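What follows is each chain in one-letter form.
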Amino acid sequence: MRVALLLVRFAAAVVGDERYREQWEADVVGARELGMSPLGVAFGAVRAVVAMPSKGAVVAGIGPLGIALRHAGTPRGRVLAIAVVSALLLLGGIVMLFA
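Since the model is a prediction, treat every value here as computed from it, not as a measurement. (Residues numbered from 1 in each chain as written. Predicted model: local features only at pLDDT ≥ 70, side-chain atom pairs only at ≥ 80, totals over all residues. Heavy atoms only, no water.)

*Asks:* Is there a simple way to explain the overall build of the protein chain in this structure?
*Replies:* Of regular secondary structure, the protein chain possesses 5 helices and 0 strands. Mapped from its N terminus to its C terminus, the protein chain presents α and β elements in the order α-α-α-α-α. Residue burial in the protein chain is summarised as follows: out of 99 residues, 28% are buried. Long-range contacts, defined as pairs at least 24 residues apart, comprise 42% of the intrachain contacts of the protein chain with a sequence gap of at least 6. (Helix = DSSP H or I, 4+ residues; strand = E, 2+ residues; numbered from the N terminus. Buried < 20%, exposed > 50% of the residue type's maximum accessible area, 1.4 Å probe, protein only. Contact = heavy atoms within 4.5 Å.)

*Asks:* Would you take a moment to explain helix 3 (residues 38–51) for this structure?
*Replies:* Here helix 3 spans 20 Å end to end across 14 residues, near enough to the 20 Å set by a 1.5 Å rise per residue. Within helix 3, burial applies to Pro38, Val41, Ala42, Ala45 and Val49. Taken down its axis, helix 3 places every buried residue within 100° of arc, on the same side. Facing away from the buried side of helix 3 by over 90 degrees, the exposed positions are Arg47 and Ala51. Buried residues belonging to helix 3 abut helix 1 (2–15), helix 2 (18–30) and helix 5 (76–98). (Expected span 1.5 Å × (residues − 1). Arc of directions from axis to C-beta.)

*Asks:* Quick question: what am I supposed to make of the nonpolar core here?
*Replies:* Note that soluble globular proteins tend to have their nonpolar side chains buried in a common cluster. Among the nonpolar cores identified, the biggest contains 14 residues, and Val8, Val15, Trp24, Val28, Ala42 and Val49 are the most heavily contacted of them. Of all the secondary-structure elements, those providing two or more residues to this core are helix 1, helix 2 and helix 3. It is helix 1 that contributes the most residues to this core, 6 residues altogether. Contact partners of Val15, with chain neighbours within four places excluded, come to Tyr20, Trp24, Val49, Met52 and Arg76. (Core = buried A, V, L, I, M, F, W, Y, C linked by side-chain atoms within 4.5 Å.)

*Asks:* It is not clear to me how helix 2 should be interpreted in this structure. Could you clarify?
*Replies:* What sets the pattern is the α-helix's 3.6 residues per turn: residues three or four places apart point alike. End to end, helix 2 covers 19 Å across 13 residues, agreeing with the expected 18 Å (1.5 Å per residue, within 8%). Every buried residue of helix 2 is listed here: Trp24, Glu25, Val28 and Gly30. Structurally, helix 2 contributes buried residues whose contacts are with helix 1 and helix 3.

*Asks:* Help me understand the side chain of Glu25, please; the structure alone is not making it clear to me.
*Replies:* Mapped onto the secondary structure, Glu25 falls in helix 2. Side chain to side chain, Glu25 and Arg9 meet in a polar contact 2.6 Å long. Once residues lying within four places of it in the same chain are set aside, the contact partners of Glu25 are Leu5, Val8 and Arg9. (Polar contact = N/O pair within 3.5 Å; in protein donor to acceptor, adjacent residues only side chain to side chain.)

The values are spatial; any link to function lies outside them.
Here it is in structure tokens:
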């Protein structure tokens, strides 16, 4: 149960809305009464955060994060994919530089 609550708090912090934290914590606490796994409910909240469209960037990043944040109006999953691909390309460039 504690891990599920931590996941929900993390997901709500990513979204930046206290309302989601309260709702998701209540869902996790009440999951057992409905015969559901609290951890499954928490992972559902994390999946919801990935699917939610981003509200915009607060801080301009540098490198892969900066590229990803330029696409802040797109869903978080796409932003994450852009950041991962950019990081891999940057890492490949660094490896080639020192090879």
